[in-house]
Amino acid sequence: DQQVKQNSPSLSVQEGRISILNCDYTNSMFDYFLWYKKYPAEGPTFLISISSIKDKNEDGRFTVFLNKSAKHLSLHIVPSQPGDSAVYFCAPGPQGGSEKLVFGKGMKLTVNP
Amino acid sequence: DSGVTQTPKHLITATGQRVTLRCSPRSGDLSVYWYQQSLDQGLQFLIQYYNGEERAKGNILERFSAQQFPDLHSELNLSSLELGDSALYFCASSPGQGIVGELFFGEGSRLTVL
């Protein structure tokens, strides 16, 4: 049961350009979202989050936008760097008394030098 | 280094066998989570323990079981292994405070079932 959907499995961009990773959800009760990044042979690491009281959260080159009416969030990376090449997962915040996260299937970003 | 330690890093075994994966959470973290990552399924939540008690259950097969010990380390037991159980198994821990939803993942245990 995918609580969020990352419909594009991969994205390739040139170094210095913008990367936009998308994530859709259906449950309008979700009020908090997280993005994780995963390099090969490593575990996922927390990247950035957004609360529904905001429509944007920025951390350096990473910005997450939340469109509640469209039930859509996106992660923008500007400028993209080769070191950003990884798999990115989105997830709604913890629900129902457990801190577990239910991740989307992920999107593989490749940033070409 | 997330502070979460998983052993073994790699494991190759045969169908029908049983294996145990071990996880040591970050110091002070009471919650431990197990996730499975196979090629086309992304990161699947299996089970969560909090201070020794099962807190949440996900898509964990009946052939799989887990526990968390008094010293807070956790073990995931996989039995009657099938080819389809080949995957990366991640353990994560969380402090229960700080950034909501921030889990700290280990580097994973890669299981290959032949």
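Counting restarts for each chain, with residues numbered from 1 along the sequence as it is written. Throughout, the order in which chains and ligands are written sets their labels, letters from A for the former and numbers from 1 for the latter. Residues qualify for local features only when their pLDDT is at least 70, as the model is predicted, and side-chain atom pairs are given and counted only at 80 or more; totals for whole chains, interfaces and linings, by contrast, use all residues. For the side-chain quantities, the full set of heavy atoms in the structure was used; hydrogens and water were omitted.

Trainee: Before we move on, can you summarise the overall build of chain A with the specific residues and values?
Mentor: To qualify as a helix, a DSSP run of H or I must reach at least 4 residues; to qualify as a strand, a run of E must reach at least 2; elements of each kind are numbered from the N terminus. When you go through chain A residue by residue, the secondary structure sums to zero helices and 10 strands. For chain A, the α and β elements follow one another from N to C terminus as β-β-β-β-β-β-β-β-β-β. Each radius of gyration reported is based on C-alpha atoms, and the globular scaling rule is 2.2 Å times the count of residues to the power 0.38. Against the compact-globule benchmark of 13 Å for 113 residues, chain A has a radius of gyration of 13 Å, which places it among compact chains. When a residue's accessible area, from a 1.4 Å probe over protein chains only, is under 20% of the maximum for its type it is buried; when over 50% it is exposed; and in between it is partly exposed. Per-residue burial over chain A gives 43% buried out of 113 residues. A fraction of 54% describes how many contacts in chain A between residues 6 or more apart in sequence connect residues 24 or more apart. For accessible areas, the Shrake-Rupley method is used with a probe of radius 1.4 Å. Any residue's cover is judged against the shown protein chains and nothing else. Surface summary for chain A: the accessible area is close to 5400 Å², and the carbon and sulfur share equals 50%. Asp and Glu count as negative and Lys and Arg as positive, but His and the ends of the chain are not part of the count. Charge positions are represented by NZ for Lys, CZ for Arg, CG for Asp and CD for Glu. Here chain A contributes 12 positively and 10 negatively charged side chains, and the mean placements of these two sets differ by 4 Å. Contact between two residues is taken to exist if any of their heavy atoms lie within 4.5 Å; hydrogens are not considered.

Trainee: Give me the environment of Lys 57 of chain B: which residues, what numbers.
Mentor: All names here are of chain B. If you trace the backbone, Lys 57 turns up in strand E6 (residues 53-57). Taking the C-alpha atoms as reference, Lys 57 lies 12 Å from Val 32; in sequence the two are 25 residues apart. With residues near it in sequence (within four places) discarded, Lys 57 still touches Phe 45, Leu 46 and Ile 47.

Trainee: Go over unusual backbone geometry, please, and point to the residues and values.
Mentor: In this chain, Val 78 of chain A is followed by Pro 79 of chain A through a cis amide linkage whose omega measures -15 degrees. You can see Pro 79 of chain A is positioned in the loop between strand E8 (72-77) and strand E9 (86-92). At the junction of Thr 7 of chain B and Pro 8 of chain B, the peptide bond is cis and its omega measures out at -10 degrees in the coordinates. Note on placement: Pro 8 of chain B falls in the loop between strand E1 (5-7) and strand E2 (10-13). With a phi close to 65 degrees, Ala 41 of chain A is a non-glycine residue in the positive phi region.

Trainee: Please provide a residue-by-residue account of the packing of aromatic side chains, values included.
Mentor: Whether two aromatic rings pair depends on their centres lying within 6.5 Å, for rings of Phe, Tyr and Trp, where Trp uses its six-membered ring; planes under 30 degrees apart make the pair stacked, over 60 edge-to-face, and the rest tilted. For the coordinates displayed, the defined rule picks out 13 aromatic pairs over all chains. On the basis of an interplanar angle of 85 degrees and a centroid distance of 5.3 Å, the ring pair of Tyr 36 of chain A and Phe 103 of chain A is categorised as edge-to-face. With Tyr 36 of chain A in strand E4 (residues 32-38) and Phe 103 of chain A in the loop between E9 and strand E10 (107-112), this pair connects stretches of sequence that are 67 residues apart. For the pair Tyr 36 of chain A and Phe 103 of chain A, one class covers both residues: buried. Ring centres of Phe 103 of chain A and Tyr 35 of chain B lie 5.6 Å apart, and the angle between their planes is 65 degrees; this geometry places the pair in the edge-to-face category. Placement of the pair is Phe 103 of chain A in the loop between E9 and E10 and Tyr 35 of chain B in strand E4 (residues 31-38), with the two residues belonging to separate chains. Here Phe 103 of chain A matches Tyr 35 of chain B in class, with each residue buried. A connected cluster of aromatic rings, assembled from ring pairs, spans Tyr 36, Phe 46, Phe 89 and Phe 103 of chain A together with Tyr 35, Phe 45, Phe 90 and Phe 105 of chain B. Its guanidinium or amino end placed over the ring of Phe 104 of chain B, Arg 26 of chain B lies 3.7 Å from that ring's centre, counting from NZ or CZ. Any Lys NZ or Arg CZ that is within 6 Å of a ring centre and within 35 degrees of that ring's normal is treated as a charge sitting over the ring. Here the basic side chain of Arg 55 of chain B rests over the ring of Tyr 50 of chain B, its NZ or CZ set 4.4 Å away from the ring centre.

Trainee: Go over the pattern of salt bridges, please, and point to the residues and values.
Mentor: All names here are of chain B. Put simply, a salt bridge is a Lys or Arg side-chain nitrogen that is within 4 Å of an Asp or Glu carboxyl oxygen. Evaluation of the coordinates by the stated rule reveals seven salt bridges over all chains. Residue Lys 9 is joined to Glu 107 by a salt bridge in which the shortest nitrogen-to-oxygen separation is 3.5 Å. With Lys 9 in the loop between E1 and E2 and Glu 107 in the loop between strand E10 (104-105) and strand E11 (109-113), the pair connects residues that are 98 residues apart, well separated along the chain.

Trainee: Just give me the short version of the interface of chain B and chain A, but keep the residues and values in it.
Mentor: Between chain B and chain A, the contact holds 24 residues from the first and 19 residues from the second. Here's the idea: put two parts together, see how much 1.4 Å probe accessible area each one loses, and the total over both is what we call buried area. When chain B packs against chain A, close to 1700 Å² is buried across both sides, 60% of that on carbon and sulfur atoms. Counting across the chain B and chain A interface gives one salt bridge. In this structure, Arg 55 of chain B engages Glu 99 of chain A in a salt bridge whose closest nitrogen and oxygen atoms are separated by 3.7 Å. Here a polar contact is recorded for every N or O atom pair within 3.5 Å, except that within protein the pair must consist of a potential hydrogen donor and a potential acceptor, and residues adjacent in sequence are included only if both atoms are side-chain atoms. Summed over the shared surface of chain B and chain A, the number is four residue pairs in polar contact (both at pLDDT 80 or more). For the side of chain B that touches chain A, the secondary structure elements donating two or more residues are E4, strand E5 (42-50), E6 and strand E9 (87-94) of chain B.

Trainee: Report on the sheet that holds strand E7 (residues 64-68) of chain B, specifying residues and quantitative values.
Mentor: Strand pairing within a sheet occurs via backbone hydrogen bonds; the two strands may be parallel or antiparallel. All names here are of chain B. Pairing between strands is defined by DSSP: at least two bridges between them are needed. Spatially, E1-E3-E8-E7 is the arrangement adopted by the four strands of the open sheet, whose pairing is antiparallel. The open sheet is flanked by E1 and E7, the only strands paired with a single partner. Taken pair by pair, the neighbouring strands of this sheet meet at an average axis angle of 15 degrees, ignoring direction. The axes are straight lines fitted to the C-alpha atoms, using for helices just the contacting stretch, and the angles between their N-to-C directions are given from 0 to 180°.

The quantities given are spatial measurements derived from coordinates; they are silent on function.
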